[in-house]
Amino acid sequence: MEYYFSLQFIRLKRWFKEIGISPILGIAISIFVFIFISKLLFIKTELAKWIYPFITLSILVNISNSQYKRLLKIIYHKEKLRIIRMVENGIVALPFLLYLLYEKEYLIALILWIAVFFVALISLNINSTKTIPSPFSKRPFENIIGFRKSFILIGLLYFILFKAIQVDNYNLGMFSFGAIYLVCMSFYLKPEQKYFVWIFNDNINGFLKRKIIDAFICSSILMIPALIGLVIFDHKNFFLPIGVSLIGLIFLVSMIFAKYASYPNEMNVPQGILFALSIWFPPMLLIVIPLYYKRCKQNLASILE
Amino acid sequence: MISIKNLSKNYGSNQVLKDLNLNLERGHVYGFVGKNGAGKTTLFNCIAAMTTYDGQIDSEFKNLKNHIGLLETNPIFLSRITGWEYLKLLCQARKISDDDFNEQNIFELPLNDYVETYSTGMKKKLALMGILLQKNEVFILDEPFNGVDIQSNILIGSIIEELRKKKKIVLISSHIFSTLSKNCDKIFLLNEGSMDKGVTEDQFEALESALKKDIVEGKIDRLKL
C-alpha cells in the first residue's frame, strides 16, 4: 500500500517534468494558485462554500471511475482497496477541507469530510459496458466522450439549476449555468491520439472550423434548456445568461485553440495559467486567442498538410 | 502511383530506414516482410506522413495522406465510443455523409456496443471497415490478419482481391508469409532498414525458403531438444 502511494507521488513528479517544470516548483505553484483562486472565489461569491464541496466530490467521483482503479481491484484485496481509496480521497480533499476550515465553514467541512469517505466506500459502476445514449451521436468525438464521462455531473448541475429556479435563487441558477459551460470546455482538455487528427482531409483552418462548429452545436444542445429556464425564471435579467452564453462560446473557441496550441502534448503550465487568467479577466482573450491560433497552426501543419 | 526516392528515417543516431527507392502502382498489392524492428511500420508511417523523413515521396494526389486508409497493427480507439460512432467519425473526417453501416457490416460487428468491449480481432475488423468506408485510393494494412479469426481472414483476402480489381494501391505487412504469398503481386524484404528490389509471384517460394533458412538454421540445434 505504501508502495502504491510512493508510485503515485513518482507519477506526479513525472507529470510536472513532462509539462516542463521541476516538481518542487510545480507543487509550490499549485499551492500558490490554489490559495489565490480560493481567496478570489470566497471574496467574489457567497456560493464559494458550496462550490468547494461540489468540486471536491466531482474530482473524487471522476477518479473513482478511472481505468487504473480497475487495475487496483485486480491487485489489492477488498479491505486494502477500501483503505487506499479512503486515504487517496482524503489527500485529494485535504486542500479544500483546510480552506473551508480557514474560512470557518466548519459544518460544511464536516459534511464534506464524511462525504469524502462515503464516496470511497461506495462502488460507482459508471464504467458499465451498457451504451449511454448521447445527443451527439451524429458528431462523435470530444463531446460524445465528454458527455458519457460527465453525464452524472451534468445531471446534477441541471438538478441544482431546477432547484435554484424553485427556491428563487437566481445566483445559484447562474452558477449552475456557468458550471455546465465549464464542463463543456473540459471535454477539450485531453489531446486525442495523432491518428484522430491525421484522418481529417482538411487544411488547418478547415479542421479548426469543424472543431469549433461541432463545439458550438454540441454545447448549445446542452446549454439551451438551461438558458431557456433562466430567461423564463427572471426575464428582466435575460441579458445575463445570454451574455454568459456568448462569452462561454468565445471561451470554448479559446479552449479548442489552447488544446491544439500544445498538441500533441497536454496543455502546459504557462498556457494553463494564461487560460486561467483570461477566465479571470476576459479581455485578455484578445491577446490569448491569436497567440494560441499561431501555435495551433505550427503544431497541426506537420499532421494535416 | 506513388514514387519513393532516397527515403531515410533516423531516430537520433539510429537509422531505421536507409535510402529506400520504390515505385508503387495502381492495381497492385505489395507485401513487406522483415523481422521485428526491420522498419516496416516506420516505412508505412512515412508514406502516410505520420512522421517526418528525409527523401521524397511523390504521388498522383495533391495531398497523399488524404487518400490513404491506414490500418495500424494495434488500431487506436477512443474510449466510450460505439462501433457505429467510430465509423461515423472516420467517414466524417473524410467528408463522407454515409451513416447506415448495417449493409456494409460484413463482419457482423455489434456496432451499438462500445469499442472497448470488442475483442482484439473485432477491433481490427472495425478499423478495417472504417478505412474501407472512407473510400480511399491507397490502403496500408499493417498486420491485417493478426488476431482475426479464420473466417474473417478469408474475407480480408477477398477484400484485398477486390481492391486490386478496383485499381487501388495496397501495401501489406505480415509475419505470416503465406498470407502475403496468397495476396501480393510483389514482396519486399526489409532488413535493418534496407530493402531489396522485391520479388514477384514466381519467386515467392524461393524467398520463403531463403527466409526459413536464414531464420531457422542452427537455432533449433542450439535448443538441444
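Calculation criteria
- Residues numbered from 1 in each chain as written.
- Chains lettered and ligands numbered in written order.
- Predicted model: local features only at pLDDT ≥ 70, side-chain atom pairs only at ≥ 80, totals over all residues.
- Heavy atoms only, no water.
- Helix = DSSP H or I, 4+ residues; strand = E, 2+ residues; numbered from the N terminus.
- Rg over C-alpha atoms; globule rule 2.2 N^0.38 Å.
- Areas by Shrake-Rupley, 256 points an atom, 1.4 Å probe, with all protein chains shown as cover.
- Lys, Arg positive; Asp, Glu negative; His and termini not counted.
- Charge placed at Lys NZ, Arg CZ, Asp CG, Glu CD.
- Contact = heavy atoms within 4.5 Å.
- Buried area = accessible area lost by both parts, 1.4 Å probe.
- Salt bridge = Lys/Arg side-chain N within 4 Å of Asp/Glu carboxyl O.
- Nonpolar A, V, L, I, M, F, W, Y, C, P; charged D, E, K, R; others polar.
- Pairing = 2+ DSSP bridges.
- Axes fitted to C-alpha atoms, helices over the stretch in contact; angles between N-to-C directions.
- Core = buried A, V, L, I, M, F, W, Y, C linked by side-chain atoms within 4.5 Å.
- Buried < 20%, exposed > 50% of the residue type's maximum accessible area, 1.4 Å probe, protein only.
- Domains from an automatic or database assignment.
- 1 Å grid on protein atoms, 1.4 Å probe; cavity = no way out; pocket = protein on both sides within 12 Å on 5 of 7 lines; lining within 4 Å.
- Points joined across faces, edges and corners; volume = space filled by probe spheres on them.
- Expected span 1.5 Å × (residues − 1).
- Polar contact = N/O pair within 3.5 Å; in protein donor to acceptor, adjacent residues only side chain to side chain.

## Re the overall build of chain B
So, step 1. A tally of helices and strands in chain B yields seven helices and ten strands.
So, step 2. Against the compact-globule benchmark of 17 Å for 225 residues, chain B has a radius of gyration of 18 Å, which places it among compact chains.
So, step 3. When its C-alpha atoms are laid out on the principal axes, chain B stretches across 50 × 50 × 35 Å.
So, step 4. When the accessible surface of chain B is totalled, it reaches about 11000 Å², and 48% of it is carbon and sulfur.
So, step 5. Of the charged side chains in chain B, 29 are positive and 30 negative; the average position of the first set lies 3 Å away from that of the second.

## Remarks on the overall build of chain A
So, step 1. Looking only at helices and strands, chain A has 13 helices and zero strands in total.
So, step 2. Each helix and strand of chain A, placed in order from N terminus to C terminus, yields the pattern α-α-α-α-α-α-α-α-α-α-α-α-α.
So, step 3. Counting only contacts in chain A whose residues sit at least 6 apart along the sequence, the fraction spanning at least 24 positions is 74%.
So, step 4. Summed over its atoms, the accessible surface of chain A is roughly 16600 Å², and 71% of this surface lies on carbon and sulfur atoms.
So, step 5. Computing the positive centroid from 31 side-chain charges and the negative centroid from 15, chain A places the two 5 Å apart.

## Some points on the interface of chain B and chain A
So, step 1. Across the boundary between the two partners, chain B contributes 33 residues, which contact 31 residues of chain A.
So, step 2. The largest share of the area that chain B buries against chain A comes from M50, R80 and Y114 of chain B, three residues that together contribute 23% of it.
So, step 3. For the pair chain B and chain A, the number of links is two salt bridges.
So, step 4. Between D202 of chain A and K95 of chain B there is a salt bridge, with the nearest N and O atoms lying 2.6 Å from each other.
So, step 5. Broken down by secondary-structure element, the contributors of at least two residues to the side of chain B that touches chain A are β5 (68-71) and α2 (83-93) of chain B.
So, step 6. Per-element tally for the side of chain B that touches chain A: the top contributor is α2 of chain B, with eight residues.
So, step 7. Across the side of chain B that touches chain A, the residue classes tally to 16 nonpolar, eight polar and nine charged.

## Some details on the sheet that holds strand β1 (residues 2-11) of chain B
All names here are of chain B.
So, step 1. With antiparallel pairing, the three strands of this open sheet are ordered in space as β2-β1-β4. The open sheet terminates on both sides in strands that have one partner only, identified here as β2 (14-24) and β4 (54-59). The mean inter-strand angle of the sheet, taken between neighbouring strand axes irrespective of direction, is 15°.
So, step 2. In the sheet, β1 pairs with β4 via five bridges, with the strands oriented antiparallel. Its bridge partner lying in β4, K5 is registered against Q56.

## Points about the nonpolar core
So, step 1. If you look at the biggest cluster of nonpolar residues, it comprises 137 residues, and the most contacted ones within it are Y195 of chain A together with F32, I47 and Y86 of chain B.
So, step 2. Residue contributions to this core peak at twelve residues, all from helix α10 (residues 204-233) of chain A.
So, step 3. The residues that make up this core include at least three from each of domain 1 (1-129) and domain 2 (131-305) of chain A.
So, step 4. Discounting residues that sit within four places of it in the chain, Y195 of chain A has contacts with M50, L70, E72, I76, Y86, L90 and I131 of chain B.
So, step 5. A48, L97, Y99 and I108 of chain A belong to the second-largest nonpolar core, a separate cluster that totals 14 residues.

## A look at empty space enclosed by the protein
Gaps left between atoms show up when a probe the size of a water molecule is rolled over them.
So, step 1. The final tally for this structure, using the stated rule, is one cavity of 30 Å³ or more.
So, step 2. By volume, the largest cavity amounts to about 40 Å³.
So, step 3. Along the walls of the largest cavity sit Y195 of chain A together with L70, L71, E72, P75, I76, Y86, A127 and I131 of chain B, which together make up its complete lining.
So, step 4. Put simply, the parts of the chain that give the lining of the largest cavity at least two residues each are β5 and α3 (120-133) of chain B.

## Observations regarding helix α3 (residues 48-64) of chain A
So, step 1. Taking 1.5 Å per residue as the helical rise, α3 of chain A with its 17 residues ought to reach 24 Å, and the 24 Å between its terminal C-alpha atoms agrees with that figure.
So, step 2. What α3 of chain A keeps buried is the set A48, I51, Y52, P53, F54, T56, L60 and S64 of chain A.

## Observations regarding the environment of V33 of chain A
All names here are of chain A.
So, step 1. For V33, the location among the structural elements is in helix α2 (residues 23-44).
So, step 2. Judged by relative accessible area, which is 31%, V33 ranks as partly exposed.
So, step 3. Considering only alpha carbons, one finds V33 and I273, 240 residues apart in sequence, at a separation of 9.1 Å.

## Digging into the domain arrangement of chain A
Residues and elements named next belong to chain A.
So, step 1. As far as domains go, chain A holds domain 1 (1-129) and domain 2 (131-305).
So, step 2. Each of domain 1 and domain 2 has a C-alpha centre, and the two are 24 Å apart.
So, step 3. In this complex, domain 1 contributes ten residues to the contact, which on the side of domain 2 involves 15 residues.
So, step 4. Regarding the contact of domain 1 and domain 2, the summed buried area is about 1200 Å², with carbon and sulfur atoms giving 81% of it.
So, step 5. Summed over the shared surface of domain 1 and domain 2, the result is zero salt bridges.
So, step 6. Summed over the shared surface of domain 1 and domain 2, the number is zero residue pairs in polar contact (both at pLDDT 80 or more).
So, step 7. Broken down by element, the side of domain 1 that touches domain 2 gets its largest block of residues, three residues, from α3.
So, step 8. Looking at the side of domain 1 that touches domain 2 residue by residue, the classes come out as eight nonpolar, two polar and no charged.

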